[in-house]
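Residue strings, one per chain:
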Amino acid sequence: MENFTPYSSMIGGIILGVASTLLLMTGRIAGISGILSNLIPPQTDDTMWRVLFITGLLIGAAAYPVFGGDMTFLDVNPYQLADNAHYVLLVIAGLLVGGGTYIGAGCTSGHGICGLGRLSLRSLTAVMIFMAVAIVTVFIMRTVLGG
C-alpha cells in the first residue's frame, strides 16, 4: 500500500464513469480514435461534443502538472522531448498507432472500456491482442534490449 493514490484513483474512476455514462446515455463510444476521426473532417452533425471531449483531454493533460500532478514517473521534463528522441521515429510511431486504430476499428479506450462493456467479441479479441503485444514489448525491452 506504499504507492496507494486515492485521489488519482478516484479521478481515474470518474473518467471511466464518464466514458460509461456516454455509452449508456447516448449510445456513443468514448474511443478517442473514433471521436477524432469523425471530427476531421466532420462526418456527422454532432461535432460539438467531439470538440469539447478532445479539448477537455488536451486541457486536462496540460493542467495536470500545473496543478501539482506528479510527473516523476516519466523521468523526463513533461514539456520537452527527451534529448535522444528522434522526431522521425515519433512521426513513424504516430502513423503506426493511427494505422493500427484504423485497422483494428478502434483504439484501446474504445475497445477496452466501451467495447468490453457491450460484450463485443471484436473488442475482446482486440484487447487480448493489445495485452499480448504489450507483454511481448515489455519482455523485449527489459530482457533482450536491457532497458
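Parameters and conventions
Residues numbered from 1 in each chain as written. Predicted model: local features only at pLDDT ≥ 70, side-chain atom pairs only at ≥ 80, totals over all residues. Heavy atoms only, no water. Phe/Tyr/Trp six-rings, centres within 6.5 Å; stacked < 30°, edge-to-face > 60°. Helix = DSSP H or I, 4+ residues; strand = E, 2+ residues; numbered from the N terminus. Buried < 20%, exposed > 50% of the residue type's maximum accessible area, 1.4 Å probe, protein only. Patch = residues over 30% accessible without salt bridge, like charges linked within 9 Å, V, L, I, M, F, W, Y side chains within 5 Å. Areas by Shrake-Rupley, 256 points an atom, 1.4 Å probe, with all protein chains shown as cover. Salt bridge = Lys/Arg side-chain N within 4 Å of Asp/Glu carboxyl O. Polar contact = N/O pair within 3.5 Å; in protein donor to acceptor, adjacent residues only side chain to side chain. Core = buried A, V, L, I, M, F, W, Y, C linked by side-chain atoms within 4.5 Å. Contact = heavy atoms within 4.5 Å. Expected span 1.5 Å × (residues − 1). 1 Å grid on protein atoms, 1.4 Å probe; cavity = no way out; pocket = protein on both sides within 12 Å on 5 of 7 lines; lining within 4 Å. Points joined across faces, edges and corners; volume = space filled by probe spheres on them. Nonpolar A, V, L, I, M, F, W, Y, C, P; charged D, E, K, R; others polar. Disulfide = S-S within 2.5 Å.

Undergrad: Can you tell me about the packing of aromatic side chains, naming the residues and giving the values?
TA: Both the distance between ring centres and the angle between the ring planes are used here to describe each pair of aromatic rings. Throughout the structure, instances matching the rule amount to one aromatic pair. Taken together, a centroid distance of 6.4 Å and an interplanar angle of 85 degrees make the contact between Trp-49 and Phe-53 edge-to-face. Here the residue Trp-49 and the residue Phe-53 both occupy positions in helix α3 (residues 47-66), the gap between them amounting to four residues, near one helical turn. Note on Trp-49: relative accessible area 18%, which makes it buried. Exposure remark for Phe-53: the relative accessible area of 22% places this residue in the partly exposed category.

Undergrad: If you had to explain a nonpolar patch on the surface to someone new, which residues and values would you point to?
TA: Taken together, the side chains of Val-136, Phe-139, Ile-140, Met-141, Val-144 and Leu-145 present a nonpolar region at the surface, about 590 Å² in accessible area. Mapped onto the elements of the fold, Ile-140 is located in helix α6 (residues 121-144). Residue class for Ile-140 comes out partly exposed when judged on its relative accessible area of 36%.

Undergrad: Which residues make up the side chain of Ser-120, and what values do they have?
TA: Examined against the element boundaries, Ser-120 turns out to sit in the loop between α5 (108-117) and α6. From its side chain, Ser-120 meets the backbone nitrogen of Ser-123 in a polar contact 3.2 Å long.

Undergrad: Which residues make up the nonpolar core, and what values do they have?
TA: Considering soluble globular proteins, one finds that nonpolar side chains tend to be buried as a cluster. One finds Ala-19, Leu-22, Leu-23, Ala-30, Ile-35, Leu-39, Trp-49, Ile-54 and Cys-114 forming the largest nonpolar core, which totals nine residues. Apart from the residues lying within four places of it in its own chain, the contact partners of Ala-30 are Ala-19, Leu-22, Ile-35, Phe-53, Ser-109, Gly-110 and Cys-114.

Undergrad: Hey, could you go over α6 for me, with residue numbers and the actual values?
TA: Along an α-helix, residues three or four apart share an orientation, since each turn contains 3.6 residues. In this model, α6 (24 residues) spans 33 Å end to end at C-alpha, consistent with the 34 Å of a helix rising 1.5 Å per residue. Within α6 the residues assigned to the buried category are Ser-123, Ala-126 and Val-127. Buried residues along α6 sit in contact with α5. The opening residue of α6 is Ser-120, an N-cap whose side-chain oxygen sits 3.4 Å from the backbone nitrogen of Arg-122. One or two residues past the end of α6 sits Gly-146, with phi positive at roughly 70 degrees.

Undergrad: Just give me the short version of the side chain of Ser-123, but keep the residues and values in it.
TA: By the secondary structure assignment, Ser-123 is in helix α6. Reaching out from Ser-123, the side chain makes a polar contact with the side chain of His-111 at a distance of 2.8 Å. If we skip the residues at most four places from it in the chain, Ser-123 touches His-111, Gly-115 and Leu-116.

Undergrad: How would you explain the layout of surface pockets if you had to name every residue and give the values?
TA: Of the volumes computed, that of the second largest pocket is approximately 460 Å³. Taken together, 23 residues make up the lining of the second largest pocket; nearest its centre are Ser-33, Gly-34, Ser-37, Ala-105 and Gly-106. If you list the elements that add at least two residues to the lining of the second largest pocket, you get α2 (32-37), α3, α4 (87-103), α5 and α6. Grouping the amino acids of the lining of the second largest pocket by side-chain chemistry returns seven nonpolar, twelve polar and four charged.

Undergrad: Can you break down the state of the cysteines residue by residue, with the values?
TA: One way to say it: the disulfide is the covalent bond shared by the sulfur atoms of two cysteines. Applying the stated criterion to the full structure yields zero disulfides. Not engaged in a disulfide, the cysteine Cys-107 finds its nearest cysteine sulfur in Cys-114; these two sulfurs lie 9.2 Å apart. Taking the relative accessible area as the measure of exposure, Cys-107 reaches 9% and is therefore buried. Cys-114 gets classed as buried once you look at its relative accessible area, which sits at 1%.

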